[in-house]
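Results of the structural survey
Next come the chains, spelled out residue by residue.
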Amino acid sequence: MDLQGQNGLMTTFREGWRSRKASAWLIALALLAFYTDLYFFDHLTEPAKALGLRSKWFLYSALYSVAMIGGAVYYLRRHGNARYNRYRIATNLGVQLVLAFLLPFVMPLLAGAPEDDYWKYEYFAASIWPLDHYKLHPSILRAVPLVLALTTVALAFLVAPLLGFFFGKRWYCSWVCGCGGLANTFGDPWRHLTATSTASWKFEKVAVHSVMFLAIVSTLLLFVDAFADTGETFHAVIAGGEWWSMKSLYGYVVGALLAGLVGVGFYPLFGPRVWCRNFCPMAALLGLTQKLGRFRIRVKPDMCISCGNCTTYCEMGIDVRSYAQSNESFTRAACVGCGMCAHVCPRGVLKLENAPTLQEDKARQRLPVVNL
Ligand code: SF4
Ligand code: SF4
């Protein structure tokens, strides 16, 4: 193991596949081709059946797990000298292997469900509304077993906001979520490519909150249909089976295009958090909870030497150095609490913590409350 833990920094800009050279473009093209085939063609169904898997989505989940394991080895060889990093990556892998792959595969078999009803038991608990938009459709809540419907509601409205308030969005985005898990492992070699410009920050705020707004309003309208006497006015538009229904468009535009093709396909060119930063409705919602809650990155005063490692390694494009230079502890809605800014800082300036005193600190230091 690399006991210095800083070798990643030494090699980052020398390797073509990590610096937008030809090899990086080739990897991006391969990823884009894979996701195009996955979402728009059907070549993976036969290999999946040959392997004894029920559908191409289980084969995808298996390949996803393999990519995460390979990425985890890469990451831990560079940054595994910190306990936070080891526990975080181990949790990511555990969630993927057990909650995303194993449980959805065996639950219908254990429940003895008829084949047509398998989908009701293929439950991925770590994919929480609004990230998994369909889970909270009233028709889905009515169809699945009661315990799973209650789990969906409890995770979305109790567990996620409470943990977000006390621990920030890191509990989900950096420890549990599958998208974050892939970004933290397979996507880690490209984390320094995330845009840090003001324009990218402005785009992020508009885009991510627009998707969140769309997810919340459309779900609310479905509940209006379910409980008011509207004669299913919104149902066909939002949850119908037509190509123009929001369910189909959301699936293709948000699920396939933004989360899959753009989100993962462009890892080698734009960094591993394009989806999380700009389009994920769950990240947006947890970001707002984080702003109101206890998570913060504490800056130890007058220690920063302005090397910029923290900003370079922030996968969410946050200019951490500017906060460190101005001795300003901060909470940013976008921060996923990966801890890498603190890990790569040669002076130990930064510390991730859950403290109730951020606003008091700011008032004492006469610092402005930082915007989203
Ligand atoms: S500010 Fe630090 S902890 Fe937050 S996302 Fe960036 S590198 Fe990770
Ligand atoms: S906080 Fe640490 S890593 Fe960031 S610029 Fe200052 S010394 Fe460098």
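Use the structure listed above.
Below is a summary of the structure that appears in this document. None of the values given here were measured: they were computed from a predicted structure.

1. Notes on the pattern of salt bridges
Across all of its chains, the model carries 12 salt bridges by this definition. A salt bridge links Glu-15 to Arg-18; the nearest nitrogen and oxygen atoms lie 3.1 Å apart. Among the residues examined, Glu-15 registers a relative accessible area of 21% and is labelled partly exposed. Here Arg-18 falls in the buried class, since its relative accessible area comes to 2%. Across the salt bridge formed by Lys-120 and Asp-117, the nearest N and O atoms sit 3.4 Å from each other.

2. Structural notes on unusual backbone geometry
In this structure, the amide linkage connecting Trp-129 to the following residue, Pro-130, adopts the cis form with an omega of 10°. If you trace the backbone, Pro-130 turns up in the loop between helix 6 (118-121) and helix 7 (138-143). The backbone of Asp-302 shows a phi angle near 60°, a positive value even though the residue is not glycine. Among the structural elements, Asp-302 can be located in the loop between strand 1 (295-299) and helix 17 (309-313). In this model, Ser-306 sits at a positive phi of 60°, which is unusual for a non-glycine residue. Among the structural elements, Ser-306 can be located in the loop between strand 1 and helix 17. On the accessibility criterion, Ser-306 (31% relative accessible area) is partly exposed.

3. Observations concerning the packing of helix 11 (residues 198-227) against helix 16 (residues 281-292)
At a minimum axis distance of 8 Å, the contact between helix 11 and helix 16 shows a crossing angle of 100°. The angle between the axes of helix 11 and helix 16 places the two elements in the roughly perpendicular class. Touching Val-208, His-209, Val-211, Met-212, Ala-215 and Ile-216 of helix 11 are Pro-281, Ala-284, Leu-285 and Leu-288, all from helix 16. When the residues that make up the contact of helix 11 with helix 16 are grouped by side-chain class, the tally is 9 nonpolar, 1 polar and no charged.

4. Things to note about the site of ligand 2
Taken together, the neighbourhood of ligand 2 is formed by 13 residues, with Cys-304, Cys-307, Gly-308, Cys-310 and Cys-345 sitting nearest. Elements represented by at least two residues in the shell around ligand 2 include exactly helix 17 and helix 18 (320-325). Residues that form the shell around ligand 2 fall into these classes: 9 nonpolar, 3 polar and 1 charged.

5. Structural notes on the environment of Ala-113
Of note, Ala-113 is situated in the loop between helix 5 (83-111) and helix 6. In contact with Ala-113, other than residues within four places in its own chain, are Pro-108, Tyr-118 and Tyr-121.

What counts and what doesn't
Residues numbered from 1 in each chain as written. Chains lettered and ligands numbered in written order. Predicted model: local features only at pLDDT ≥ 70, side-chain atom pairs only at ≥ 80, totals over all residues. Heavy atoms only, no water. Salt bridge = Lys/Arg side-chain N within 4 Å of Asp/Glu carboxyl O. Buried < 20%, exposed > 50% of the residue type's maximum accessible area, 1.4 Å probe, protein only. Helix = DSSP H or I, 4+ residues; strand = E, 2+ residues; numbered from the N terminus. Axes fitted to C-alpha atoms, helices over the stretch in contact; angles between N-to-C directions. Parallel < 35°, antiparallel > 145°, perpendicular 65-115°, else oblique. Contact = heavy atoms within 4.5 Å. Nonpolar A, V, L, I, M, F, W, Y, C, P; charged D, E, K, R; others polar. Near = heavy atom within 4 Å.

Remember that the coordinates give geometry; whether it matters functionally is a separate question.
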